[in-house]
Structure formats: C-alpha cells, structure tokens
Amino acid sequence: MTALGTQNLWRPYTQMKTAAPPLEAVATRGSRITLADGRELIDGIASWWTAVHGYNHPHIAAAMADQLARMPHVMFGGLTHAPAERLGQRLAALLPGELNHVFFADSGSVAVEVALKMAVQLWLNRGETGRTRVLAFRGGYHGDTMGAMSACDPEEGMHRRFGAYLPTQLFADLPRGPEQEAALDATLARHRHELAAVIVEPLVQGAGGMLTHPPEVLATVARLARRHGLPLIADEIFTGFARTGSLFACEQAGVVPDILCLSKALTGGTMALAATVATTEIFSAFWSDDPSAALMHGPTFMANPLACAAANASLDLFETEPRLDQAAAIAARLRDGLAPLAGLAGVREVRVLGAIGAVQFAVAPDLADLKRRLVERGVWVRPFGDIVYLTPALTIGPDELDRLIEAVTAEVTAIA
C-alpha cells in the first residue's frame, strides 16, 4: 500500500484485504491524471462519468473561485441564493415538458431516494394508501443507499446480499419485443394499486453493464406507465448532459418523465450536486395548506452555492462549446475503433451509444490484472463484471481517444 491512507481509508467497491494498492493522483488537466510517481494517465472514464468538459476547465474554475470568495455555503432552509435560483430556472428551461420544479441534493443516490419518496407521498397526498412499491427493470442500477438499492437488479446487481433487508420492489424485463411488452403490461395491470411509480435508466443501464436499448423501448415503457396511471421516474444520473448524444437521453424517445434525476456531470465533475426534477402535476400534489403534505426532505448541503456556481458554469459550456458535436465525433470513432473486436471468439458483444463504448467478454476476465495492464499502457480504464468500457470527457482530443481505443483493443485481443 502507498503511504496515502494506508491504514485509515475504506475504499469504494473494494475488498480491502486483497486489493492492489491505489494509485496516488496529484494533479489533473484536460483528460489526464498525473500520478505521484510522475506517470500520466489518459482518463477513459471521466472520473465515473462526471468530467464531461475535461478536468480543470478554466471557466468552471473561475466561477467557483468567485463564489468561494463570496459565499461557499449557506443553509437552504428558509434562505435562498442566486446560484441556486439561476440553476433551477436554467434546468427547467432545458428539460422537456413541464419538468419545472427542482429539488437539489448532494448525490445521485439521494436524488433517487427523493424521487422514490416523491412518488410514494404523491399518492398519500391524494388520499390513496397502499402504493408503496415501484416497478424497476432487470439489469438496472440506481445507487447505493437503501431505497435506491431496492430498485437495483436483485439478482445480478452488487446489492443482492441485502435482499432480505430492502424494501420489496417489482422487477420486469425491458420491453424489447412483443412478449416482454405484453408481460410488462400485464404486470402493471396486476399490481397497479400497490405501485407508486415506474423507474428506468433511459437508453443505457450504466452500472448494470452498459446495457443499451433503443428509444422505442423507452417510449414503450413511458406509454405503458401512462396507460396504468403511474408516474415515470427517469434516472438520468449517468445519461444526462450529452453522454448519449443528446443533452438528455429521454429526448431521443420523445419522452417527458414525471420525475427526472440528475447528478454526476451536473457540475462538470467538480463538486457533489444532484437534482430531482418534477413536473407541475407532481408538484401540485404537495402544494397545500396542510403542513403534513410537504416533502419532508432536506440534505444539509442541498443547493450548496459553490456547487451551484460550478453547475451554472458547466451549463454555460454546453451553450457556448460544441459538446453534442463532440459526443457525435467520439461515437463515430468508438464505433470504428471497437468494431473489429466483435469478431473475436471471446467477445460477446460490442456496444456504442453516444460517447459510450463497451466491450462485453464471453467470460469475465481477471479484472485486477486487466486494470494493471491498462495502467501500464498509460490509460485509466476501470473494467467491471464482464465488460471494459470507455466514457471519456467530451473534450478529449482525437489522439488521446485513439490511445484509449488502442489500449483497450490490445488488451481485449490478448484475452479473447
């Protein structure tokens, strides 16, 4: 182990007894991470899909420095401030339909918790009890807190050991064909009076394995949810902010969810911030003279001014710099570069959607060894399960992207 946190730090998704020593990062710039030993790695996953503009973008840094000097934080209970007011207005203007009411939190998991809580309380405020479950989809992942874990795939997901401890939700296959559509329709009809909502990751089930589905599948989910009078929650924590090739994935299916969750790239990979955005119809169920009808939730650092300033600066960049064009260029290069791997015997599938490229192995490789070899090739890529994937910053240079693709291609070829 390195001296950095040798004894004291408990690391994410890590068996601490057997894990390799973590690499110490000392600086970032653009799409690169500098290590303490002087090595420089090209980041192929944008720090868990957050740094869409690359690291250390000067516009975001300047906005944060200005906000830090004036007011880094103030509680949001009973107070407000310009960065949050502006960010809420801008998100409402960017999002489709009447997604006009923004509740800020501090992580994607909490954004999902708030969405689930909104959905359940919606029915309580309407005087209807018993609607305490949600329908989620196999292959899905929505976070690591208790409610969010309960909506993750109960068999294939990383939280299956907690099954007896979690709220019991309903699960269905995504309606990729007539049989799955009929099955989903029947399940919703059978359980509609105990369901509060349907939750889905639009177009890509990220941590479930970068599993993609076409817009038509998402449109079917939305149509069936409406048929049975159920709110649709779109978890765009991973897919939001141009990752799939449109600003929000729901746009590609013409779907306006009732509740939408955002985080990760919201601040351009600089600060923890999340948002749960509801339509006017959802919000109106909480608008009451009855204090008990209020949404009783309030993360201590919700609407943190420093994070809101970073998010506003990030939105400036989406307005002034060609992020969607860059996502399209990355998609084209990923398709061309990864396509030859589909012919290997040890590769089950190659998937590309927007600025996401994934190679799924027929048999899961030795992940620790694969990660080590990728670092030796000068790239930071974190395979998991049976996939190795790329989700680089949208600003990554062509040469850097080529180096990522070449490193993945070489290692996959050696394994498969």
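Residues numbered from 1 in each chain as written. Predicted model: local features only at pLDDT ≥ 70, side-chain atom pairs only at ≥ 80, totals over all residues. Heavy atoms only, no water.

**Student:** Which parts of the structure should I look at to understand helix H6 (residues 178-191)?
**Tutor:** The α-helix winds at 3.6 residues per turn, so residues separated by three or four positions along the chain end up facing the same way. The end-to-end C-alpha separation of H6 is 20 Å, in line with the 20 Å expected for 14 residues at 1.5 Å each. By the burial criterion, the buried members of H6 are Leu-184, Thr-187, Leu-188 and His-191. Projection of H6 onto a plane perpendicular to its axis shows the buried side chains occupying an angular sector of 95°, all on one side. Opposite its buried face, H6 presents the exposed residues Pro-178, Glu-179 and Arg-190, each directed more than 90 degrees away. (Helix = DSSP H or I, 4+ residues; strand = E, 2+ residues; numbered from the N terminus. Expected span 1.5 Å × (residues − 1). Buried < 20%, exposed > 50% of the residue type's maximum accessible area, 1.4 Å probe, protein only. Arc of directions from axis to C-beta.)

**Student:** What is the right way to read helix H3 (residues 82-94) from this model?
**Tutor:** Along its 13 residues, H3 runs 18 Å from first to last C-alpha, staying within 8% of the 18 Å computed at 1.5 Å per residue. Taken as a whole, H3 has its buried residues at Pro-83, Ala-84, Leu-87, Gly-88, Arg-90, Leu-91 and Ala-92. Tucked into the core, H3 has its buried residues touching helix H2 (58-70), strand E4 (99-105), strand E11 (259-262), strand E12 (274-279) and helix H9 (305-320). (Contact = heavy atoms within 4.5 Å.)

**Student:** What's the story with the pairing of strand E16 (residues 387-390) in this structure? I'm lost.
**Tutor:** Regular strands place side chains that alternate from one sheet face to the opposite one. Residues Ile-387 and Tyr-389 line one face of E16 and the alternating positions Val-388 and Leu-390 line the opposite face, and both faces are buried. Looking at chain direction, strand E14 (residues 356-361) and E16 are connected through 4 bridges and run antiparallel. Within E16, the residue paired with Val-359 across the bridge is Val-388. (Pairing = 2+ DSSP bridges.)

**Student:** Please clarify how the packing of H3 against H9 should be interpreted in this entry.
**Tutor:** A packed helix pair is summarised by two numbers, namely the angle formed by the two axes and the spacing between the axes. In contact at an axis separation of 9 Å, H3 and H9 are set at 40° when each is read in the N-to-C sense. Taken together, H3 and H9 sit at an angle that is classed as oblique. Remark: the crossing between H3 and H9 carries left-handed chirality. From H3, Pro-83, Ala-84, Arg-86, Leu-87, Arg-90, Leu-91 and Leu-94 reach across to H9, where they touch Pro-305, Cys-308, Ala-309, Ala-311, Asn-312, Leu-315, Asp-316 and Glu-319. A breakdown of the residues in the contact of H3 with H9 according to their chemical character gives 10 nonpolar, 1 polar and 4 charged. (Axes fitted to C-alpha atoms, helices over the stretch in contact; angles between N-to-C directions. Parallel < 35°, antiparallel > 145°, perpendicular 65-115°, else oblique. Left-handed = near helix turned anticlockwise from the far one by under 90°. Nonpolar A, V, L, I, M, F, W, Y, C, P; charged D, E, K, R; others polar.)

**Student:** Help me understand the environment of Phe-241 in this model?
**Tutor:** Counting through the fold element by element, Phe-241 comes out in the loop between strand E10 (232-235) and E11. Using a relative accessible area of 1% as the deciding quantity, one classes Phe-241 as buried. Put simply, Phe-241 and Ala-164 are 77 residues apart on the chain and 35 Å apart in space, counted from C-alpha to C-alpha. Residue contacts for Phe-241: discarding those within four places in its chain leaves Val-52, Leu-91, Leu-247, Phe-248, Leu-262, Ser-263, Ala-265, Leu-266, Leu-315, Phe-318 and Leu-394.

**Student:** Can you walk me through the packing of aromatic side chains in this structure?
**Tutor:** In this description, a pair of aromatic rings is defined by centroid distance and the angle of the planes. Within the structure shown, the criterion is met by 7 aromatic pairs. Between the aromatic rings of Phe-241 and Phe-248, the centroid separation amounts to 5.4 Å while the plane-to-plane angle is 65°, which identifies the pairing as edge-to-face. For the pair Phe-241 and Phe-318, a centre-to-centre distance of 5.9 Å together with 35° between the ring planes defines the contact as tilted. One end of the pair, Phe-241, is in the loop between E10 and E11; the other, Phe-318, is in helix H9, and 77 residues separate them in sequence. Looking at Phe-318, the relative accessible area reads 16%, which means it is buried. Each residue in the set Trp-49, Phe-238, Phe-384 and Tyr-389 is aromatic and connected to the rest through ring pairs, giving one cluster. Sitting over the ring of Trp-123, Arg-126 keeps its end group 5.3 Å from the ring centre. The ring of Trp-123 carries Arg-131 above its face, with NZ or CZ at 3.8 Å from the centroid. (Phe/Tyr/Trp six-rings, centres within 6.5 Å; stacked < 30°, edge-to-face > 60°. Lys NZ or Arg CZ within 6 Å of the ring centre and 35° of its normal.)

**Student:** Would you mind going over unusual backbone geometry with me for this structure?
**Tutor:** Excluding glycine, residues mostly carry a negative phi; peptide bonds, for their part, are mostly trans. The phi dihedral of Ser-47 is positive, around 50°, even though this residue is not glycine. Checked against the element boundaries, Ser-47 lands in helix H1 (residues 46-49). Of note in the backbone geometry, Leu-203 takes a positive phi value of approximately 75° without being a glycine.

**Student:** Help me understand the sheet that holds strand E2 (residues 32-35), please; the structure alone is not making it clear to me.
**Tutor:** The strands that make up a sheet pair up through hydrogen bonds in the backbone, lying either parallel or antiparallel. In spatial order, the strands read E1-E2-E3-E15; together these 4 strands make up an open sheet with mixed pairing. Single-partner strands in this sheet number two, and they are strand E1 (25-29) and strand E15 (379-380). In terms of strand pairing, E1 meets E2 through 4 bridges, oriented antiparallel. Bridging from a neighbouring strand, Ala-27 pairs with Thr-34 of E2. In the packing of helix H12 (residues 398-415) onto the sheet, contacts are made with E2, strand E3 (40-43) and E15, and the angle to E3 comes to roughly 90°.

**Student:** I keep staring at the pattern of salt bridges and nothing clicks. Help me out?
**Tutor:** Oppositely charged side chains are able to pair whenever their charged atoms sit close together. Across all of its chains, the model carries 22 salt bridges by this definition. Where Asp-369 meets Arg-372, a salt bridge forms, and the shortest distance between an N and an O atom there is 2.3 Å. Here Asp-369 and its partner Arg-372 are both found in helix H11 (residues 367-376), 3 residues apart, which amounts to about one turn of the helix. Residue classification places Arg-372 among the partly exposed positions, given a relative accessible area of 40%. Glu-376 is the partner of Arg-372 in a salt bridge, and the nearest nitrogen-oxygen pair spans 2.7 Å. In this pair, Arg-372 and Glu-376 are both assigned in helix H11, 4 residues apart and thus about one turn of the helix distant. (Salt bridge = Lys/Arg side-chain N within 4 Å of Asp/Glu carboxyl O.)

Don't take any of this as a statement about function, it's just geometry.
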